[in-house]
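# Structural overview
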Amino acid sequence: MKYICKKIITLIMTLFLVSVAAFLAFQVIPGDVVTSILGTEATPEMEEALREELGLNDPPVERYLNWVSGVLKGDLGVSYRYSKNMNERMPVAELIGDKLPVTLWLAAYSLILIIVISIPLGVLWARSKNHYLDAALNVISQTAMAVPAFFLGILVTYLFGIILKCFTPGGYVSYREDFAGFMHYLLFPAISIAIPKIAMTARFLRNSMLTEIRSDYVRTAYSKGCTDRRVMYTHVLRNALMPVVTFLGMIIAETIAGSIVVEQVFGLPGVGRLLISSISTRDFPVVEILVLYITSVVIIVYALIDILYRMIDPRISSK
Amino acid sequence: MKKKNTQKKKKWNNYLVVGLVMTGITLAIAIIGAFWTPYEATAMSASIKFAAPSLTHWFGTDNFGRDILSRVMEGVETTVVISILVVAASAIVGVLVGALTGYFGGLMDEIMMRITDAVNGFPSILLALVILSVLGSGVEKLILALAIAFCPSYIRIVRSEFIKYRDADFIARARLMGVGWVRILFVHILPNIFSTFLVSIVIGFNNAILAESGMSFLGIGVQPPAASLGKMLSDAQGYLSSAPWYALAPGLAIVWIVLGFSLLGEGIRRRNQ
């Protein structure tokens, strides 16, 4: 319990630091935001009015406090680029709102694929007595780990979309209109994200199991008369999965990063595409919020994994 | 004594051999690509748009009639040069900062560790994206952004190795003999961590190449008309049904390079054990 409290305090501290960094980073950029929005032909009065509207005249500390208190209250600020009803600035919250579920579903989908496929595969691999199977899995996994997600996305599009016609490339279906169609379309980007991670996780689990098999408790279990199957599943696998839990935390962070690129390949209107387009149009309020959001997810996932790890392995907390 | 030990260890393994061969071929292509390509990489020709792979154009031509083989060779060169610079910059900073914080400890160490903790595990492509959005695009900025994104992991590795040796007997003796700290850090400790560090440098190449091609794919890395494998892939995506070979060559080139480096890293790691 004490540990969890400590963890939450560090979590808040880190989030605070990240928010300062995300805010500061975009204050030091060269070039005036106002000129970049209005163009060079704007009059000084127009520039001044816009500066006042965006709160750019306030001192940095005050602007930071305004921004953070806004974010905490759910007011994420307004976009520099997108407008709403022609003359109003688009609130960032609205801009992100309908894109967030796409990215979250994609990440969740990939993660489920990774867990469901890599764990049986890793067990099978560790148990394979066949030298050739072992070597084949080795070659396949090494190669799969070397394929970048965007190239895999292109290969998947070509194979499943153009040759096998399992889906229409670029034919994204909104989750609001047709959820089943949305999930069907999402399967292919999810596969592209998952394959390299499946290779990594299966490999990791296999190595972890092979280390565990050499331990004393395995010999004891065998000498007690446990069957091979029982030793594998209730003794070795349980212990071998421990480090895999931490490893999966890293995989989750990578999956989120991977979805940014893969969204681009499959034309998914998710947070990643918004991030890329906001970066190229220098729409900093949007970038700030997305950075803050993605970092928070990563940090919180790590903290949860840490806590989970202590819960399933009592040896760590007793140390 | 030391020599005997290395002789006893198994010097070669399959990973190392295959990795060295693949990486060697990559580097050869990069060097050749810097001086000679079968065709001018930016030479356009409307009459041979989307030519399928043939004897004259081994990997076909692209939407501007440019020879894909020549562009891949140049792209490999760009990617390799960028990743060498990125890895060199971040490894040097990593050694300097990691050595100082690991050896001396104290407040600086605490602060650095909190920062690297926050950054580490954070996907490096995302971090580089953010840095790049602040700096603006361009090759030299891409290199800087990736170098900054990769620094923390090197700092951590070097630091933990220096902590291991900080209190070793031979260091204590060197200190007693009056050896200065600069010499202790870089002459007495640094050579000992070399073999461990080498693995992370090779893995660093891997990550740098994936990150660079990813950023170029997203259009915020290497800018056209310069050839880059990532950018070629994103262009090729639009012509997937009419000219599938366009995507194949740059994609396979990335896989080849990354696979070579990762096998090399694995090979060195196994040799160290």
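As the structure is a computational prediction, the values presented were derived from the model and not from experiment. (Residues numbered from 1 in each chain as written. Chains lettered and ligands numbered in written order. Predicted model: local features only at pLDDT ≥ 70, side-chain atom pairs only at ≥ 80, totals over all residues. Heavy atoms only, no water.)

Before going further, it helps to examine the nonpolar core. Soluble globular proteins tend to bury their nonpolar side chains together. With 154 residues, the main nonpolar core has A:Met209, A:Phe266, A:Leu275 and B:Leu129 as its most contacted residues. Broken down by element, this core gets its largest block of residues, 19 residues, from helix H11 (residues 228–266) of chain A. Not counting chain neighbours up to four residues away, the residues in contact with B:Leu129 comprise A:Ile260, A:Leu275, A:Ile276, A:Ile279, B:Met215 and B:Ile220. Counting residues in each nonpolar core, the second largest holds five residues, with A:Ile37, A:Leu50, A:Leu54 and A:Leu56 among its members. (Core = buried A, V, L, I, M, F, W, Y, C linked by side-chain atoms within 4.5 Å. Buried < 20%, exposed > 50% of the residue type's maximum accessible area, 1.4 Å probe, protein only. Helix = DSSP H or I, 4+ residues; strand = E, 2+ residues; numbered from the N terminus. Contact = heavy atoms within 4.5 Å.)

All right, on to helix H5 (residues 124–135) of chain B then. All names here are of chain B. In this model, H5 (twelve residues) spans 16 Å end to end at C-alpha, consistent with the 16 Å of a helix rising 1.5 Å per residue. Most of H5 sits inside the fold, with ten of its twelve residues counted as buried. Buried within H5 are the following residues: Ile 125, Leu 126, Leu 127, Ala 128, Leu 129, Val 130, Ile 131, Leu 132, Ser 133 and Val 134. Looking one or two residues beyond H5, the residue adopting positive phi is Gly 136, at roughly 90°. (Expected span 1.5 Å × (residues − 1).)

A word on the interface of chain A and chain B. Across the contact, 36 residues belong to chain A and 34 residues belong to chain B. Of the roughly 3,000 Å² buried where chain A meets chain B, counting both sides, 80% is carbon and sulfur surface. Broken down residue by residue, the surface that chain A buries against chain B is led by A:Phe150, A:Phe151 and A:Ile154, which jointly contribute 19%. Here chain A and chain B share zero salt bridges between them. Here chain A and chain B share two residue pairs in polar contact (both at pLDDT 80 or more) between them. Every element with two or more residues in the side of chain A that touches chain B is listed here: helix H1 (2–25), helix H7 (131–146), helix H8 (149–163), H11, helix H12 (271–280) and helix H13 (284–312) of chain A. Residue contributions to the side of chain A that touches chain B peak at seven residues, all from H13(A). (Buried area = accessible area lost by both parts, 1.4 Å probe. Salt bridge = Lys/Arg side-chain N within 4 Å of Asp/Glu carboxyl O. Polar contact = N/O pair within 3.5 Å; in protein donor to acceptor, adjacent residues only side chain to side chain.)

Throughout the structure, instances matching the rule amount to 17 aromatic pairs over all chains. Between A:Trp105 and A:Phe179 the ring centres are 5.3 Å apart and the planes differ by 70°, which places this aromatic pair in the edge-to-face class. Of the two residues, A:Trp105 sits in helix H6 (residues 100–127) while A:Phe179 sits in helix H9 (residues 179–213), which places them 74 residues apart along the sequence. Taking relative accessible area as the criterion, A:Phe179 reaches 37% and is therefore assigned partly exposed. Note on B:Tyr165 and B:Phe170: the rings are 6.1 Å apart at their centroids and 70° apart in plane angle, and the pair reads as edge-to-face. According to the relative accessible area criterion, B:Phe170 is partly exposed, its value standing at 34%. Grouping aromatic residues by their ring pairs yields a cluster made of A:Trp105, A:Phe160, A:Phe167, A:Tyr172, A:Phe179, A:Phe182, A:Tyr185, A:Phe188 and A:Phe266. (Phe/Tyr/Trp six-rings, centres within 6.5 Å; stacked < 30°, edge-to-face > 60°.)

This brings us to the confidence of the model for chain B. Of all residues in chain B, 93% attain a pLDDT of 70 or more, and the chain-wide mean is 83. What the predictor reports for the complex is a pTM of 0.84 with an ipTM of 0.83. (pLDDT = per-residue confidence, 0-100.)

Moving on, we come to the environment of A:Ser277. For A:Ser277, the position within the fold is in helix H12. Its relative accessible area of 26% is what places A:Ser277 among the partly exposed residues.

This part covers the side chain of A:Arg206. All names here are of chain A. Along the polypeptide, Arg 206 turns up in helix H9. Taking relative accessible area as the criterion, Arg 206 reaches 16% and is therefore assigned buried. Only 3.3 Å separates the side chain of Arg 206 from the side chain of Asp 134, close enough to count as a polar contact. In this view, Arg 206 contacts Gly 122, Trp 125, Ala 126 and Asp 134; residues no more than four positions away in its chain are not counted.

What the rule picks out here adds up to nine salt bridges over all chains. The partner of A:Arg127 in a salt bridge is A:Asp228, and the shortest N-O contact between them spans 2.8 Å. Remark: A:Asp228 occurs in helix H11 and A:Arg127 occurs in helix H6; sequence separation between them is 101 residues. The closest approach of N and O atoms between B:Arg269 and B:Glu266, which form a salt bridge, is 3.0 Å. Remark: B:Glu266 and B:Arg269 occur in helix H10 (residues 245–272); sequence separation between them is three residues, near one turn of the helix. Residue class for B:Glu266 comes out buried when judged on its relative accessible area of 13%. Within the structure, one salt-bridge network assembled from shared partners comprises B:Glu266, B:Arg269 and B:Arg270.

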